[in-house]
Amino acid sequence: MITIRELYRQGYEILSNSDIDDAKVDAKLLLEFALNMTSSEYHMSYDKEVSNDMCENYLTLIEQRATHYPLQYITGTQEFMGIEFMVNENVLIPRWETEMLVEEVLKECDKFSTVLDMCSGSGCIATSIKKLGKVYRAVGVDISKEAINVGMYNALKNEVDIEFVNSDLFENVKGKYDIIVSNPPYIKTKVIEGLMPEVRRFEPMIALDGTEDGLHFYRRIIADAPNFLKDNGWIFFEIGHDQGKDVAMLLAKNDEFKEIQVIKDYAGNSRIVKAKYERANGSY
């Protein structure tokens, strides 16, 4: 028999030797997950012995993480905006940068707002907006049927009513919306090979690759958005740290987009672009 403290040390050593960032944190979180205990219970149980079956289960998870398989895919969950979401290999793992996108959208929402979440993935954006913003209607759109299934599960789990549409961008979308929000694929193809292995090897490439210049999906969304935005509606994008000027210029090419803003994150990097849509007189 082995104690929890000794088992943790084994897990940490394996992860550390495999060049896993935050090996200590991941070894602890996987131990809590394997033993089905809270953090408080973990800290109070250092000297408790663990059965051979539990030990084997934990070390199996550790070996999986040692391949750089993401922790969140192992546990099946990720917290976002204080809400727990189910994640798997069909969707990107929600990140703190995207919380800023949701926060900016919520500033323009009210209970009568209709929101379209383009490239919705896990549904974390639409679900968070509907749950925290109390908006009238939220629609999530994704080209991946598997991602749509994850989004539907997360909406149901968090007790919010969200419509999901399986569509190549606006192809199957109907109606007009007060807000369009999107965290589209925006990483340049040549940059992907330089990403950390957790991302480039395991997260869905369809949700990462923004093609040669990283701007492909911004161009497509901006071109069609006027057909789906209400007058005085807003469009919001998450962007890469070096894409603020380019995305703002794409919006500015259509003079119906006003009040274009590039918003920096807490690290001082450009992270959000937003613009107001004002339909020209006589346009439809």
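One can find the structure itself at the top, above this paragraph.
Here the structure is a predicted model, which is why all the values come from computation and not from measurement. (Residues numbered from 1 in each chain as written. Predicted model: local features only at pLDDT ≥ 70, side-chain atom pairs only at ≥ 80, totals over all residues. Heavy atoms only, no water.)

Undergrad: Break down the overall build of the protein for me, with residues and values.
TA: When helices and strands are counted, the protein shows twelve helices and eleven strands. The C-alpha extent of the protein, read off along each of the three principal axes, is 80 × 40 × 35 Å. Burial status across the protein gives 53% buried among its 284 residues. In the protein, the share of contacts with a sequence separation of at least 24, taken over all contacts with a separation of at least 6, comes to 67%. For the protein, the computed accessible surface area is about 14,000 Å², with 48% contributed by carbon and sulfur atoms. (Helix = DSSP H or I, 4+ residues; strand = E, 2+ residues; numbered from the N terminus. Buried < 20%, exposed > 50% of the residue type's maximum accessible area, 1.4 Å probe, protein only. Contact = heavy atoms within 4.5 Å. Areas by Shrake-Rupley, 256 points an atom, 1.4 Å probe, with all protein chains shown as cover.)

Undergrad: Can you lay out the nonpolar core for me, pointing to particular residues and giving the numbers?
TA: Core analysis: the biggest nonpolar cluster contains 34 residues, and Leu116, Met118, Phe170, Tyr218, Ile235, Phe237 and Phe257 have the highest contact counts within it. Within the residue set of this core, elements represented by two or more residues are strand S5 (114–118), strand S6 (137–142), strand S8 (177–182), helix H11 (216–224), strand S9 (229–238), helix H12 (244–252) and strand S11 (270–277). Here this core gets four residues from one element, more than from any other, and that element is H11. Apart from residues lying up to four places away in sequence, Ile235 is in contact with Ile180, Ile221, Ala225, Leu229, Leu251, Phe257, Val273, Lys274 and Ala275. Judged by nonpolar contacts, the second largest core, of 32 residues, contains Leu7, Ala23, Ala34 and Leu35. (Core = buried A, V, L, I, M, F, W, Y, C linked by side-chain atoms within 4.5 Å.)

Undergrad: Residues and numbers for the packing of aromatic side chains, please.
TA: Counted under the stated rule, the structure contains eleven aromatic pairs. Residues Trp96 and Tyr266 carry aromatic rings whose centres are separated by 6.4 Å and whose planes lie at 25 degrees to one another, so their mutual orientation is stacked. Separated by 170 residues along the polypeptide, Trp96 in helix H6 (residues 96–107) and Tyr266 in the loop between strand S10 (257–264) and S11 bring together distant segments of the chain. Between Tyr218 and Phe237, the ring centres sit 5.2 Å apart and the planes meet at 85 degrees, which makes this aromatic pair edge-to-face. Note that Tyr218 is positioned in helix H11 and Phe237 in strand S9, a separation of 19 residues in sequence. Its relative accessible area of 0% is what places Phe237 among the buried residues. Its guanidinium or amino end placed over the ring of Trp234, Lys274 lies 4.6 Å from that ring's centre, counting from NZ or CZ. (Phe/Tyr/Trp six-rings, centres within 6.5 Å; stacked < 30°, edge-to-face > 60°. Lys NZ or Arg CZ within 6 Å of the ring centre and 35° of its normal.)

Undergrad: A description of the packing of helix H2 (residues 23–35) against helix H4 (residues 52–66) should follow, citing residues and the corresponding values.
TA: Packed helix pairs are specified by the crossing angle of their axes together with the interaxial distance, meaning the distance between the axes. At a minimum axis separation of 9 Å, H2 and H4 run at an interaxial angle of 140 degrees. Considering their axes alone, H2 and H4 lie oblique with respect to each other. Relative to H4, H2 is oriented so that their crossing is right-handed. Within the contact between the two elements, H2 uses Asp26, Ala27, Leu30, Leu31, Phe33, Ala34 and Leu35 and H4 uses Met54, Asn57, Tyr58, Leu61, Ile62 and Arg65. For the contact of H2 with H4, a count of residues per class yields ten nonpolar, one polar and two charged. (Axes fitted to C-alpha atoms, helices over the stretch in contact; angles between N-to-C directions. Parallel < 35°, antiparallel > 145°, perpendicular 65-115°, else oblique. Left-handed = near helix turned anticlockwise from the far one by under 90°. Nonpolar A, V, L, I, M, F, W, Y, C, P; charged D, E, K, R; others polar.)

Undergrad: Describe in detail H6, supporting the description with residues and values.
TA: Spanning twelve residues, H6 covers 18 Å between terminal C-alpha atoms, matching the ideal 16 Å at 1.5 Å per step. Along H6, the residues that are buried comprise Glu97, Thr98, Met100, Leu101, Val102, Glu104 and Val105. Those residues of H6 that are buried are in contact with strand S3 (77–80), helix H7 (124–133), S8, S9, S10 and S11. (Expected span 1.5 Å × (residues − 1).)

Undergrad: An account of the pattern of salt bridges is needed here, citing residue identities and associated values.
TA: Opposite charge on two side chains lets them pair, provided their charged atoms get close. On inspection of all chains with the given rule, the structure shows 13 salt bridges. With a closest N to O distance of 3.1 Å, Glu198 and Arg65 form a salt bridge. Placement of the pair is Glu198 in helix H10 (residues 197–202) and Arg65 in helix H4, with a sequence separation of 133 residues. Residue classification places Arg65 among the buried positions, given a relative accessible area of 6%. Note that Asp178 is salt-bridged to Lys230, the shortest N-O span being 3.7 Å. Placement of the pair is Asp178 in strand S8 and Lys230 in strand S9, with a sequence separation of 52 residues. (Salt bridge = Lys/Arg side-chain N within 4 Å of Asp/Glu carboxyl O.)

Undergrad: Can you lay out the side chain of Asp26 for me, pointing to particular residues and giving the numbers?
TA: Within the secondary structure, Asp26 sits in helix H2. Setting aside chain neighbours within four positions, we find Asp26 in contact with Leu15, Ile20, Asp21, Arg65 and Leu71.

Function cannot be read off these values alone, since they describe shape.
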